[in-house]
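Read off the chains here:
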Amino acid sequence: MARGDAEFVEFARAASGRLVHAAFLMTGDHHRAEDAAQTALARTYASWSRIRENDAYGYARSVLVNHLVDGWRRPIREYPTEDVPDRHGDDVADEVATRRWLLAILGTLSPRERAIVVLRYYFDLPEAQVARELGVSVGTVKSTSSRALEKLRGVEAAAPEGTRR
Amino acid sequence: MNEADRLRAAMRVGERSGHGVLDLDAVLRQGRRLRRRRRLTGAGAAALALAVVVGVPVAVRSAGAPQRPAAPAAQPAAGATGHPSGPTAGPTATAAPTPVATDAAPPEPLGDVVRSGIRYGAEERVFYVVPVDVPHLPGVTIGLMAGRRTADGGLAPDFLVNDVVGDDRRDGFHEIGYDQSGPHPTRPLVPAFGYFVGPAERIVGTVDGRQVAARLVRWSEDPRVVIFWFDPAVLPPGVRLDGIAAHDARGRRL
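Residues numbered from 1 in each chain as written. Chains lettered and ligands numbered in written order. Predicted model: local features only at pLDDT ≥ 70, side-chain atom pairs only at ≥ 80, totals over all residues. Heavy atoms only, no water.

Caption draft 1: Spotlight on the overall build of chain A. A tally of regular secondary structure across chain A gives eight helices and zero strands. Helices (α) and strands (β) of chain A occur, in sequence order from the N terminus, as α-α-α-α-α-α-α-α. Partitioning the contacts of chain A with sequence separation of at least 6, the portion at a separation of at least 24 is 69%. For chain A, the exposed area adds up to about 7400 Å²; of that, 48% sits on carbon and sulfur atoms. (Helix = DSSP H or I, 4+ residues; strand = E, 2+ residues; numbered from the N terminus. Contact = heavy atoms within 4.5 Å. Areas by Shrake-Rupley, 256 points an atom, 1.4 Å probe, with all protein chains shown as cover.)

Caption draft 2: Spotlight on the packing of helix α1 (residues 3–27) of chain A against helix α6 (residues 111–122) of chain A. All names here are of chain A. Across the interface, α1 lies against α6 with an axial gap of 9 Å and an inter-helix angle of 140°. Here α6 runs oblique to α1, going by the angle between their axes. Judged by the twist between their axes, the crossing of α1 over α6 is right-handed. Of α6, the residues touching α1 (which contributes R18, H21, A22, L25 and M26) are P111, R114, A115, V118 and Y122. Partitioned by chemical class, the residues of the contact of α1 with α6 number seven nonpolar, one polar and two charged. (Axes fitted to C-alpha atoms, helices over the stretch in contact; angles between N-to-C directions. Parallel < 35°, antiparallel > 145°, perpendicular 65-115°, else oblique. Left-handed = near helix turned anticlockwise from the far one by under 90°. Nonpolar A, V, L, I, M, F, W, Y, C, P; charged D, E, K, R; others polar.)

Caption draft 3: Quick look at the packing of α1 of chain A against helix α2 (residues 30–46) of chain A. Residues and elements named next belong to chain A. Across the interface, α1 lies against α2 with an axial gap of 8 Å and an inter-helix angle of 145°. Along this stretch, α1 crosses α2, giving a crossing that reads as right-handed. In this structure, α1 contributes D5, F8, F11, A12, S16, L19, V20, A23, F24 and T27 to the contact, and α2 contributes H30, R32, A33, E34, A36, A37, L41, T44 and Y45.

Caption draft 4: View of the side chain of R61 of chain A. All names here are of chain A. Along the chain, R61 turns up in helix α4 (residues 56–71). What makes R61 buried here is its relative accessible area of 5%. A distance of 2.5 Å separates polar atoms of two side chains, one belonging to R61 and the other to E133. With residues up to four places along the chain from it excluded, the contact list for R61 reads L19, D55, L119, F123, L125, Q129 and E133. (Buried < 20%, exposed > 50% of the residue type's maximum accessible area, 1.4 Å probe, protein only. Polar contact = N/O pair within 3.5 Å; in protein donor to acceptor, adjacent residues only side chain to side chain.)

Caption draft 5: Broad picture of α2 of chain A. Residues and elements named next belong to chain A. With 17 residues, α2 should reach 24 Å at 1.5 Å per residue; the first-to-last C-alpha distance of 24 Å fits that figure. Counting buried positions over the 17 residues of α2 gives twelve, a clear majority of the element. N-capping of α2 is provided by D29, with a side-chain oxygen placed 3.0 Å from the backbone N of H31. (Expected span 1.5 Å × (residues − 1).)

Caption draft 6: Representation of the sheet that holds strand β11 (residues 210–213) of chain B within the structure. Residues and elements named next belong to chain B. Pairing is antiparallel in the open sheet, where three strands are placed in the order β11-β10-β14. Edge positions in the sheet fall to β11 and β14 (243–247), since each has one partner strand and no second. Pairwise comparison of adjacent strand axes, ignoring direction, gives a mean angle of 25° for this sheet. Note that strand β10 (residues 202–207) and β11 share four bridges and pair antiparallel. Each bridged residue has a counterpart across the sheet, and for V207 the counterpart in β11 is R210. (Pairing = 2+ DSSP bridges.)

Caption draft 7: Highlighting the sheet that holds strand β13 (residues 222–229) of chain B. Residues and elements named next belong to chain B. Sheet architecture is open: four strands sit in the order β8-β9-β13-β12, paired in antiparallel fashion. Either end of the sheet is taken by a strand with one partner, and the two such strands are β8 (172–177) and β12 (215–219). Here the strands of the sheet are splayed against their neighbours by 25° on average, with no regard to which way each runs. Here five bridges tie strand β9 (residues 193–197) to β13, and the two strands are oriented antiparallel to one another.

Caption draft 8: Spatial organisation of the packing of aromatic side chains. Enumeration according to the criterion identifies twelve aromatic pairs over all chains in this entry. Ring geometry for F173 of chain B against F196 of chain B: centres 4.8 Å apart, planes inclined by 70°, an arrangement best described as edge-to-face. With F173 of chain B in strand β8 and F196 of chain B in strand β9, this residue pair connects regions lying 23 residues apart in the sequence. The burial state of F173 of chain B is the same as that of F196 of chain B; both residues are buried. A connected cluster of aromatic rings, assembled from ring pairs, spans F8, F11, Y45 and W48 of chain A. (Phe/Tyr/Trp six-rings, centres within 6.5 Å; stacked < 30°, edge-to-face > 60°.)

Caption draft 9: Structural context of α1 of chain A. Residue and element names in this part refer to chain A. Taking 1.5 Å as the rise per residue, α1 with 25 residues should run 36 Å; its terminal C-alpha atoms sit 34 Å apart, in good agreement. Residue A15 marks the point of greatest curvature in α1, where the axis turns by about 45°. Counting buried positions along α1 yields 18 of 25 residues, so the element is predominantly enclosed. At the exit of α1 stands G28, carrying a positive phi of roughly 70°. (Bend = angle between axes of the 7 residues up to and from the residue.)

Shown next as structure tokens:
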């Protein structure tokens, strides 16, 4: 394996978990999330010689999010999966409840708004960087983030006691 | 824990390590295929651009700077890419978007620089007309640049579009700039933009069956030239319109 390829594989191993998870937050679909992360990493690999010295992770993240914003226009919903996390009893129940609660919030947003929320609160990017990566204004990022938090309050108020975080 | 922190914590639930999640051999195969395709597409696009512009690259002429050729057109001419029939989102004349060579002396704006209100931190997206020199095409003397007003007040050029046949002041739509270069480490993506010549008061594009309105500003040097752009929140950069129409003050289609 060429040195560049070995470097890329190491990078991909380190980055793929977060990329897949971010894609899941944007689609609610494990299989689509893996496809999207694979596409983003393949595009990153195709440009590896140009970006390896720069922010390769930022490049992959940006490709992923824009790919999903442009290509994933279906409403978010959680698909059944046999992929049960390797945990016990309450942990699994907690995780499922949290995921449903979260997808209920994200499901009320458009793909672009979801991307803003994921970049802002999952990747912890500053508002200006989120705006730059999505090609929107900082004002749009601020208003969307604020709307997402407002929806969070609404969903939380309506949620049964057991699912409140 | 406040709401933002709760949202952050909830988003991390269920996160798994990347090991074994993806088939990295498949990623490498897909990446290699993409790389090969890009090389082929690049060669094809260059050949097409040569055919369209009769083998002459567009040169950006900066005031006070020597003429130098800009980068050759990297995308096929819009008129040759098979737009759907009916209302077209491309120009009626064939034209080629031209990426700006990053080492070129920045072209000076002709007339006012149009502020878009689209901000990237301390920078703002702006549009301005620049002189272009297309040999054997005396009717094309201007192009439209999408740039950024930087924090120190300077102008950073990002994306230039210009006609490569005909007359740059004929009535109707001219080249529309679609930034399909993908994520770039040093600049934000450019919203779809272009100019229309005529008494347009409203410009509306259609994409995926919905209508999106453009923002309009008349060029200070020739009020018949209407510079327009689409807010990235309503039309993501790089997404091609299915159609576009201009209307006058009385709502008549132009």
